[in-house]
Amino acid sequence: NAGVMQNPRHLVRRRGQEARLRCSPMKGHSHVYWYRQLPEEGLKFMVYLQKENIIDESGMPKERFSAEFPKEGPSILRIQQVVRGDSAAYFCASSPGQGSTKEQYFGPGTRLTVT
Amino acid sequence: GENVEQHPSTLSVQEGDSAVIKCTYSDSASNYFPWYKQELGKRPQLIIDIRSNVGEKKDQRIAVTLNKTAKHFSLHITETQPEDSAVYFCAAMDTGRRALTFGSGTRLQVQP
């Protein structure tokens, strides 16, 4: 049973470019969460999605950041016009989302470097 | 919103000793408290969790305790081994949301 998959694992972008991060949840999981981790810090919640729906985007910056989880394919976190402050590790997690199950399992992360 | 504080930020123990990491949370509506272990450059791994209807949970060498009245929970690792060295994060989730609020992490170093 494959775990949460993320790609790319490393991404380098120049200031002003766009970054697209992809996340495929574990098989059978329908809920996806994106977190950002700055160096030497904890993880900060960004957005929670179910298929074709954004449930909670309270942690996501209002500008330049967007997320989607289409009916088919992976969830995508898009960062437009990247700035140096966007450099971080971006982790995706998934959960079954059924009943009282709350466990979230993380992918390997995408390490974004903005030059 | 929820706020989780974690102490200590670093912890060094001798192999075989016990390690305790403590967290406090602010939102009394929180009812799910997982602990994650993160090795350098790796993904956070869920190692144990506890729900608010339970006071203690144990899994081999690790245990978690929860005091709902005081709004704090702790991770206990007994008989520590060098491979326990990592950063440990506590987190809390409230009833109405699915987002985890994380503590700032504890870097545990087990000296052989």
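Engineer: I'm lost on the overall build of chain B in this one. Help?
Structural biologist: Scanning chain B from N- to C-terminus turns up zero helices and eleven strands. Order of helices (α) and strands (β) in chain B, N terminus to C terminus: β-β-β-β-β-β-β-β-β-β-β. Along the three orthogonal principal directions, the C-alpha set of chain B runs to about 45 × 30 × 20 Å. For chain B, with 112 residues in total, the buried portion stands at 45%. Contacts spanning at least 24 positions in sequence make up 53% of the contacts within chain B whose residues lie at least 6 apart. Total accessible area on chain B is roughly 5500 Å²; 45% of this is exposed by carbon and sulfur atoms.

Engineer: Help me out: how do you make sense of the overall build of chain A in this one?
Structural biologist: Scanning chain A from terminus to terminus reveals zero helices and eleven strands. Tracing chain A from N to C terminus, the helices and strands come up as β-β-β-β-β-β-β-β-β-β-β. Relative to its length of 115 residues, chain A is compact, with a C-alpha radius of gyration of 13 Å against a globular reference of 13 Å. The C-alpha extent of chain A, read off along each of the three principal axes, is 45 × 25 × 25 Å. Across the 115 residues that make up chain A, the buried fraction comes to 46%. With the model as given, the accessible surface of chain A reaches about 5800 Å², and the carbon-plus-sulfur share is 46%. Put simply, chain A has 17 plus and 11 minus side-chain charges, and the middle of one group is 6 Å from the middle of the other.

Engineer: Can you walk me through the sheet that holds strand S3 (residues 19-25) of chain B in this structure?
Structural biologist: The pairing of strands in a sheet happens through backbone hydrogen bonds and is either parallel or antiparallel. Residue and element names in this part refer to chain B. The antiparallel open sheet is built from five strands, whose spatial order is S1-S3-S8-S7-S6. Every interior strand has two partners, whereas the edge strands, strand S1 (4-7) and strand S6 (56-59), have only one. Ignoring strand direction, the axes of neighbouring strands in this sheet form an average angle of 15 degrees. For S1 and S3, the ladder comprises four bridges, and the chain directions are antiparallel. The partner of Glu 5 across the bridge, within S3, is Thr 24.

Engineer: Help me understand the sheet that holds strand S8 (residues 75-79) of chain A, please; the structure alone is not making it clear to me.
Structural biologist: Residues and elements named next belong to chain A. Strand order in the open sheet formed by four strands is S1-S3-S8-S7, and the pairing between neighbours is antiparallel. On the outer flanks of this sheet lie strand S1 (5-7) and strand S7 (65-68), each paired with one strand and no other. Neighbour-to-neighbour, the strand axes of the sheet open up by a mean angle of 15 degrees, direction not taken into account. The pairing of strand S3 (residues 19-24) with S8 spans five bridges and is antiparallel. The residue bridging Ala 19 from the neighbouring strand is Ile 79, located in S8.

About the criteria used
- Residues numbered from 1 in each chain as written.
- Chains lettered and ligands numbered in written order.
- Predicted model: local features only at pLDDT ≥ 70, side-chain atom pairs only at ≥ 80, totals over all residues.
- Heavy atoms only, no water.
- Helix = DSSP H or I, 4+ residues; strand = E, 2+ residues; numbered from the N terminus.
- Buried < 20%, exposed > 50% of the residue type's maximum accessible area, 1.4 Å probe, protein only.
- Contact = heavy atoms within 4.5 Å.
- Areas by Shrake-Rupley, 256 points an atom, 1.4 Å probe, with all protein chains shown as cover.
- Rg over C-alpha atoms; globule rule 2.2 N^0.38 Å.
- Lys, Arg positive; Asp, Glu negative; His and termini not counted.
- Charge placed at Lys NZ, Arg CZ, Asp CG, Glu CD.
- Pairing = 2+ DSSP bridges.
- Axes fitted to C-alpha atoms, helices over the stretch in contact; angles between N-to-C directions.

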